[in-house]
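# Survey of secondary and tertiary structure
Here are the chains, one letter per residue:
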Amino acid sequence: MTDLLHRADLHERDGMVFKAADVWKHVLKLEPKRTEVHERLASLYERMDLRPEAREHLESVAEHYVVLCDVDGLVRTMERLQVLHTRNQAR
């Protein structure tokens, strides 16, 4: 798994966002509850202006923080979701 995470990170750093997204999605197929991967993929989708996809992953992150009772993480995630919602309405 570490190899895949490293590969996705390298693709992202090299600007190969579609390859990075493919690897992140593959990781999530293997381990769907990896919150940090949902966060990375959401950030990548935000940069690609793919708001519905970003929202989907941020909602998974929010659910994780609810289960953990992590109020700070939940608030940060909800703020990101609000920004996505606001940008979507501005269109």
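Our subject is the structure listed above.
Read on for an overview of the structure. (Residues numbered from 1 in each chain as written. Predicted model: local features only at pLDDT ≥ 70, side-chain atom pairs only at ≥ 80, totals over all residues. Heavy atoms only, no water.)

Along the chain, the position of leucine 41 falls in helix α3 (residues 35-47). Residue leucine 41 is classed as buried on the basis of its relative accessible area, which comes to 0%. Measuring from C-alpha to C-alpha, the distance between leucine 41 and glutamate 31 comes to 14 Å, with 10 residues separating the pair along the chain. Apart from the residues lying within four places of it in its own chain, the contact partners of leucine 41 are Ala21, Trp24, Lys25, Leu28 and His57. (Helix = DSSP H or I, 4+ residues; strand = E, 2+ residues; numbered from the N terminus. Buried < 20%, exposed > 50% of the residue type's maximum accessible area, 1.4 Å probe, protein only. Contact = heavy atoms within 4.5 Å.)

As a further point, take the side chain of arginine 51. Secondary-structure assignment places arginine 51 in helix α4 (residues 51-68). By relative accessible area, which is 10% here, arginine 51 ends up buried. Here the side chain of arginine 51 touches aspartate 49 through a polar contact of 3.0 Å, side chain to side chain. (Polar contact = N/O pair within 3.5 Å; in protein donor to acceptor, adjacent residues only side chain to side chain.)

Among the nonpolar cores identified, the biggest contains 18 residues, and Ala21, Trp24, Val37, Leu41, Leu44, Tyr45 and Leu58 are the most heavily contacted of them. When contributions to this core are tallied by element, the ones reaching two or more residues are α1 (2-13), α2 (17-30), α3, α4 and α5 (71-90). Element by element, the count of residues in this core is highest for α2, at 6 residues. (Core = buried A, V, L, I, M, F, W, Y, C linked by side-chain atoms within 4.5 Å.)

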